[in-house]
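# Close look at the chain arrangement
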Amino acid sequence: MPTTRTILLTGFQPFGGEQVNPSWQAVSALHGTRIAEHRVVARELPVAFGTSLTVLRAALKETQPSLVICVGQAGGRAQLSLERVAINVDDARIPDNAGSQPVDLPVIDGGPAAYFSTLPIKAMRDALRVAGFPAEVSQTAGTYVCNHVFYGLMHALRVRRGVRAGFVHIPYSPAQASGHAGAASLPVETVTAALRLAAKVALKTPVDIRTAAGAEH
Ligand code: PCA
């Protein structure tokens, strides 16, 4: 009997003074479900430069996934942001949850300047929009723990062919946005449904479509 293939989804613990992190709320709702013949495993990562990658690498080893989507919160963004690129730099504006605040340090010493997502981000964006979810391609995942995890993920998978992986940033949940006047928000259930669709599209789209999704700034 063929072994069931796995989708690994990760979310983060709360950070920056928030009580919750909708990235974990959204992906944990998919834990144990099936998407396109794959079983979903969800894992929560600490918002810490040191341990986030330790936990991620252990999860990769344990689950041997064929698709990995790491998800993080980008409070203030209005849409699901499908990240295009991870860069080899940690530059923390605020300390992480363990009190560490690296400035201009590489994620991986001697690693390449950047890795591109291997998810079909444009096909995903289009499918999400057609289904009624606000989505965009994002040209930067920042320089904090999310970019760190995204870079570490792509570095860990650089030698594993056939494993698709990338990163998605999500807006505040409505409960969080109530504490940030004027900030955009997306209900957690909406994010969960969007991620389910995004994963399905990633599995069914071996080669990304060629459509403009760039930006001038
Ligand atoms: N967002 C942060 C780290 C954890 C999270 O959910 C970031 O964008 O780097």
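Here we take up the pairing of strand S5 (residues 80-83). Burial along S5 is two-sided: the residues Leu 80 and Leu 82 and Ser 81 and Glu 83 are all buried. Inspection of the sheet shows S5 paired to strand S11 (residues 164-170) by 2 bridges, in the antiparallel sense. Considered in S11, the bridge of Leu 82 is made with Val 168.

Another point: the packing of aromatic side chains. Evaluation of the coordinates by the stated rule reveals 4 aromatic pairs. Between the aromatic rings of Phe 15 and Tyr 144, the centroid separation amounts to 6.0 Å while the plane-to-plane angle is 40°, which identifies the pairing as tilted. With Phe 15 in the loop between strand S1 (5-12) and helix H1 (22-28) and Tyr 144 in the loop between strand S10 (135-138) and helix H4 (145-156), the pair connects residues that are 129 residues apart, well separated along the chain. Neither residue differs from the other here; Phe 15 and Tyr 144 are each classed as buried. Judged by centre distance (4.9 Å) and plane angle (55°), the rings of Tyr 115 and Tyr 151 are tilted. With a gap of 36 residues between them, Tyr 115 in strand S9 (residues 114-116) and Tyr 151 in helix H4 connect regions that are remote in the sequence. Across the pair, exposure class does not vary: Tyr 115 and Tyr 151 are buried alike.

What follows concerns the environment of Lys 204. Relative to the helices and strands, Lys 204 resides in helix H6 (residues 188-204). Judged by relative accessible area, Lys 204 falls into the exposed class, the value being 60%.

Let us look at the pattern of salt bridges. Within the structure shown, the criterion is met by 3 salt bridges. Across the pair Arg 43 and Glu 62 runs a salt bridge whose closest N-O atoms are separated by 2.9 Å. Note that Arg 43 is positioned in strand S3 (residues 38-45) and Glu 62 in helix H2 (residues 49-63), a separation of 19 residues in sequence. Put simply, Glu 83 and Arg 77 hold a salt bridge, and the shortest N to O gap is 2.7 Å. Classification of Glu 83 by relative accessible area gives buried; the value is 0%.

As a further point, take H6. Over its 17 residues, H6 runs 24 Å from end to end, which matches the ideal 24 Å to within 8%, given 1.5 Å per residue. Taken residue by residue, H6 has Val 188, Val 191, Thr 192, Ala 194, Leu 195, Ala 198, Ala 199, Val 201 and Ala 202 as its buried positions.

Here we take up the sheet that holds S1. Strands sit in the order S2-S3-S1-S4-S11-S5-S10 across an open sheet of 7 strands; the sheet is mixed. Strands with a single pairing partner mark the edges of an open sheet, and in this sheet they are strand S2 (34-35) and S10. Bridge analysis of strand S4 (residues 67-73) against S11 gives 7 bridges, and the strand direction is parallel. Note that in S11 the partner of Gln 73 across the bridge is Ile 170. In the packing of H2 onto the sheet, contacts are made with S1, S3 and S4, and the angle to S3 comes to roughly 160°.

Let's shift gears to the layout of surface pockets. In this structure, the largest pocket occupies an estimated 560 Å³ of space. Lining the largest pocket are 23 residues; nearest its centre among them are Phe 15, Gln 73, Ala 74, Arg 93 and Tyr 144. For the lining of the largest pocket, the class distribution of residues is 11 nonpolar, 8 polar and 4 charged. Reported here for the second largest pocket is a volume of approximately 170 Å³.

How each quantity is defined
Residues numbered from 1 in each chain as written. Predicted model: local features only at pLDDT ≥ 70, side-chain atom pairs only at ≥ 80, totals over all residues. Heavy atoms only, no water. Buried < 20%, exposed > 50% of the residue type's maximum accessible area, 1.4 Å probe, protein only. Helix = DSSP H or I, 4+ residues; strand = E, 2+ residues; numbered from the N terminus. Pairing = 2+ DSSP bridges. Phe/Tyr/Trp six-rings, centres within 6.5 Å; stacked < 30°, edge-to-face > 60°. Salt bridge = Lys/Arg side-chain N within 4 Å of Asp/Glu carboxyl O. Expected span 1.5 Å × (residues − 1). Contact = heavy atoms within 4.5 Å. Axes fitted to C-alpha atoms, helices over the stretch in contact; angles between N-to-C directions. 1 Å grid on protein atoms, 1.4 Å probe; cavity = no way out; pocket = protein on both sides within 12 Å on 5 of 7 lines; lining within 4 Å. Points joined across faces, edges and corners; volume = space filled by probe spheres on them. Nonpolar A, V, L, I, M, F, W, Y, C, P; charged D, E, K, R; others polar.

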